[in-house]
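Spelled out, the chains give:
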Amino acid sequence: MPFHRIAIVGAGPAGYFTAQAFQKAQSNNLSFAIDMIERLPTPWGLVRSGVAPDHQKVKTVSKVFEKIAKEPNFRLFANVELGKHVSLKDLRDQYDVVVLATGASIGRKLGIRGEELKNSLSAADFVPWYNAHPEFVDVKVDLSSDTAVVIGAGNVSMDTARILAIDPAELEPTDVADHALAKLKQSNIRTVIICGRRGPEHAAFTAPELRDLLKLKNTEVSIDPKQIEEAIKHIEEMGNVERDLKNNIEIMKTIAETEKKGLTRKLEIKFLTTPLEIKGSGKVEEIVFQKNKVVRGKVVATNETFSVKAGLVVSAIGYDSIEYPGISIERGRIINIAGHVEHNVYTVGWAKRGPTGVIGTNKSDSTDVVELIIENLKEPKACEGITALLKSGHEVIDQIAWGKINASEVISGEIAGKPRVKEADWKQLISLGRS
Ligand SMILES: Cc1cc2nc3c(=O)[nH]c(=O)nc-3n(C[C@H](O)[C@H](O)[C@H](O)COP(=O)(O)OP(=O)(O)OC[C@H]3O[C@@H](n4cnc5c(N)ncnc54)[C@H](O)[C@@H]3O)c2cc1C
């Protein structure tokens with residue numbers, strides 16, 4: 001039976017859920033040969049390099065990915081980068097359909113004075129550093145001061161703040177990068193302040209992330225109860241509010257009201273604060289903020305400012321997609337209509353929607369796009385797929401090679417009492433795949 005060749009670029013959740021939707025859509029007269037192309041020598045996208053090491057349960061979704069990868073119509077081509085080893089034009093010619101699932105990995109800038117100072121980092125650098133992404137091993141992180149500020153009020157800022165604030169012993173039984181754990185063990189940081197521009201009622205934290213804060217044993221979490229009272233008033237004025245928002249405010253209220261035990265490790269969430277400037281001679285020393293207030297549902301600036309003495313600032317205010325030849329980006333996303341980019345090219349996941357939604361959001365999104373693709377399908381064309389495109393001698397990490405890397409990391413983890421010990425060196429990853 002003739003089959004359609006599908007190239008999925010990016011082996012993150014959106015890529016795997018796209019492959020799964022194609023697999024589920026197969027029938028007696030419709031079949032697909034799926035090639036997944038990934039620039040890193042390892043798959044799983046942000047499930048490996050984004051999700052926090054103390055959230056191991058979230059990472060069990062990788063079992064679903066591996067099941068998808070075991071289907072006979074699936075092939076992995078990791079260590080192959082679109083824009084470097086293959087072009088979009090080549091893929092378009094050699095496949096019936098190309099799906100870009102390349103995510104959004106560029107950290108948005110604050111655009112304020114002092115942002116370029118030493119130890120002013122983006123979460124887009126800090127997170128992959130502690131998650132053993134091979135391109136971020138050498139990020140310079142100085143944890144010698146007592147206070148760190150994290151800017152942004154979403155799950156990424158929460159992860160960043162928690163990793164900085166908790167006792168590193170709590171990270172010992174996780175897959176945190178060895179180099180990061182060593183550094184965190186020597187950290188002097190004892191106070192971490194999350195600063196959000198808007199109010200508690202606008203925060204993008206999800207309820208599970210907030211609930212996790214209540215479980216921290218060695219870190220005291222605080223929110224100004226007055227800010228929660230104000231937020232409750234604003235919500236009441238709004239009338240009909242979503243259940244998720246009510247839940248969030250309820251959890252934040254519990255955090256604000258929880259009796260403080262006087263622990264030395266502190267994590268504070270300060271709402272209604274906009275960073276104006278990062279000050280310091282040569283490196284971060286102080287962050288100046290403007291206070292905001294909510295007026296008729298809108299956040300407006302006040303004339304009041306305050307500053308925080310801190311030696312590290314991490315901004316977590318969103319991500320944009322990378323532009324590569326043949327692809328145009330608008331507002332951080334690949335330009336698309338309901339996932340359709342142009343001709344036989346489509347996009348899914350964070351590349352399509354921007355950096356919003358949890359892992360599961362990508363499943364329904366990918367399913368919708370695959371439905372659209374199938375509606376638009378033409379007769380399969382005569383083409384050879386990626387093997388016609390790669391230079392001879394290019395070292396591909398296929399599913400078998402990835403299986404070897406995976407097994408090696410898990411075995412090292414068993415010895416160390418961890419889920420895995422991640423290899424962070426690109427060349428070493430390749431050689432593990434070869435072994
Ligand atoms: C720090 C952080 C923590 C998170 N924690 C959680 C959590 O606890 N729970 C939860 O549900 N969600 C979490 N999320 C959200 C979740 O990770 C995303 O919803 C999801 O990963 C988006 O999937 P994606 O496939 O679109 O992108 P990604 O996961 O980013 O995957 C994109 C893939 O494409 C590859 N790629 C990029 N460019 C190219 C190219 N040119 N050629 C080939 N390959 C390429 C990348 O290497 C990557 O593997 C978190 C996100 C972040 C940033």
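Since the structure is predicted, the reported quantities are computational estimates derived from the model, not experimental observations. (Residues numbered from 1 in each chain as written. Predicted model: local features only at pLDDT ≥ 70, side-chain atom pairs only at ≥ 80, totals over all residues.)

## Examining the site of the ligand
Line of reasoning, step 1. Around the ligand, a shell composed of 35 residues is seen, among which Gly10, Gly12, Gly45, Gly103 and Gly349 lie nearest.
Line of reasoning, step 2. Going through the elements one at a time, α1 (13-25), β2 (32-38), α6 (155-165) and α11 (349-353) are the ones with two or more residues in the shell around the ligand.
Line of reasoning, step 3. Looking at the shell around the ligand residue by residue, the classes come out as 18 nonpolar, 13 polar and four charged.
Line of reasoning, step 4. Mapping the shell around the ligand onto the domain boundaries places at least three of its residues in each of domain 1 (4-105 + 320-397) and domain 2 (109-317). (Near = placed C-beta within 6 Å. Helix = DSSP H or I, 4+ residues; strand = E, 2+ residues; numbered from the N terminus. Nonpolar A, V, L, I, M, F, W, Y, C, P; charged D, E, K, R; others polar. Domains from an automatic or database assignment.)

## Some thoughts on the environment of Gln186
Line of reasoning, step 1. One can find Gln186 in the loop between α7 (178-185) and β8 (191-195).
Line of reasoning, step 2. Along the primary structure Gln186 and Ser144 are separated by 42 residues, whereas in three dimensions their C-alpha atoms are 8.1 Å apart.

## Notes on the packing of helix α13 (residues 399-416) against helix α14 (residues 426-434)
Line of reasoning, step 1. Interhelical geometry of α13 versus α14 gives an angle of 110 degrees and a closest axis separation of 7 Å. In terms of orientation, α13 lies roughly perpendicular with respect to α14. Contact with α13, carried on its side by Ala401, Trp402, Lys404, Ile405 and Ser408, involves Leu429, Leu432, Gly433 and Arg434 of α14 and no other residues of that element.
Line of reasoning, step 2. Partitioning the contact of α13 with α14 into residue classes produces five nonpolar, two polar and two charged. (Axes fitted to C-alpha atoms, helices over the stretch in contact; angles between N-to-C directions. Parallel < 35°, antiparallel > 145°, perpendicular 65-115°, else oblique. Contact = placed C-beta atoms within 7 Å.)

## Brief notes about the domain arrangement of the chain
When the parts of a complex come together, some accessible area is lost, and that lost area is often used as the size of the interface.
Line of reasoning, step 1. When cut into domains, the chain gives domain 1 (4-105 + 320-397) and domain 2 (109-317).
Line of reasoning, step 2. For domain 1 versus domain 2, the separation of C-alpha centres amounts to 32 Å.
Line of reasoning, step 3. Contacts between the two partners involve nine residues from domain 1, matched on the other side by 15 residues from domain 2.
Line of reasoning, step 4. When its residues are assigned to classes, the side of domain 1 that touches domain 2 shows three nonpolar, four polar and two charged.

## Comments concerning unusual backbone geometry
Line of reasoning, step 1. Of note in this structure, Ala132 is not a glycine but carries a positive phi near 65 degrees.
Line of reasoning, step 2. The residue Ala132 is located in the loop between α5 (123-130) and β7 (147-151) in this model.
Line of reasoning, step 3. A residue is classified by how many C-beta atoms lie within 10 Å of it, and Ala132, with 25 of them, is buried.
Line of reasoning, step 4. In this model, Ala338 sits at a positive phi of 50 degrees, which is unusual for a non-glycine residue.
Line of reasoning, step 5. Summarising the element assignment, Ala338 is placed in the loop between β17 (333-334) and β18 (340-342). (Buried ≥ 20, exposed ≤ 12 C-beta atoms within 10 Å, placed from the backbone.)

## As for the environment of Ala382
Line of reasoning, step 1. Positionally, Ala382 belongs in the loop between α12 (361-376) and α13.
Line of reasoning, step 2. The sequence separation of Ala382 and Gly311 amounts to 71 residues, and the corresponding C-alpha distance is 59 Å.

## Remarks on helix α10 (residues 243-257)
Line of reasoning, step 1. Between the first and last C-alpha of α10 there are 21 Å, a value that for 15 residues agrees with the 21 Å anticipated at 1.5 Å per step.
Line of reasoning, step 2. Listed as buried for α10 are Asn248, Ile249, Ile251 and Met252. The buried residues of α10 occupy one face: seen down the axis, they fall within an arc of 160 degrees. Looking at α10, the residues exposed on the side facing more than 90 degrees away from the buried face are Arg243 and Glu257.
Line of reasoning, step 3. Buried residues in α10 make contact with α8 (207-215), β9 (219-223) and α9 (225-238). (Expected span 1.5 Å × (residues − 1). Arc of directions from axis to C-beta.)

## Points about the sheet that holds strand β12 (residues 286-295)
Line of reasoning, step 1. Pairing is antiparallel across the open sheet formed by three strands, whose spatial order is β11-β12-β13. In the strand order of this sheet, the two ends are held by β11 (273-279) and β13 (298-309), each with one partner. Within this sheet the neighbouring strands show an average axis-to-axis angle of 20 degrees, counted without direction.
Line of reasoning, step 2. As judged from the six bridges shared by β11 and β12, these two strands associate in the antiparallel manner. Counterpart to Thr273 in the pairing with β12 is Lys291. (Pairing = 2+ DSSP bridges.)

## Section: the sheet that holds strand β1 (residues 4-9)
Line of reasoning, step 1. Strand order in the open sheet made by the six strands is β3-β2-β1-β4-β19-β18, with mixed pairing throughout. Taken across any chain shown, the strands that pair with only one partner, and hence form the sheet edges, are β3 (74-78) and β18. If you compare each strand with its neighbour and ignore which way they point, the axes differ by 25 degrees on average.
Line of reasoning, step 2. Two elements, β1 and β2, share six bridges in a ladder whose sense is parallel. From the neighbouring strand, Arg5 faces β2, where its bridge partner is Ala33.

## Structural notes on the pairing of strand β10 (residues 265-270)
A regular strand places its side chains so that they alternate between the two faces of the sheet.
Line of reasoning, step 1. Across five bridges, the pairing between β8 and β10 is parallel. Bridge assignment links Thr191 to a residue of β10, and that residue is Lys266.
Line of reasoning, step 2. Where β9 and β10 come together, five bridges link them in parallel fashion. Considered in β10, the bridge of Ser222 is made with Glu268.

## Details of the packing of α8 against α10
Line of reasoning, step 1. At a minimum axis distance of 10 Å, the contact between α8 and α10 shows a crossing angle of 15 degrees. Between α8 and α10, the crossing angle belongs to the class labelled roughly parallel. The handedness of the crossing between α8 and α10 comes out as left-handed. Of the residues in α10, those touching α8 at Ala207, Leu210, Arg211, Leu213 and Leu214 are Asp244, Asn247, Asn248, Ile251, Met252, Thr254 and Ile255.
Line of reasoning, step 2. The residue makeup of the contact of α8 with α10, split by class, is seven nonpolar, three polar and two charged. (Left-handed = near helix turned anticlockwise from the far one by under 90°.)

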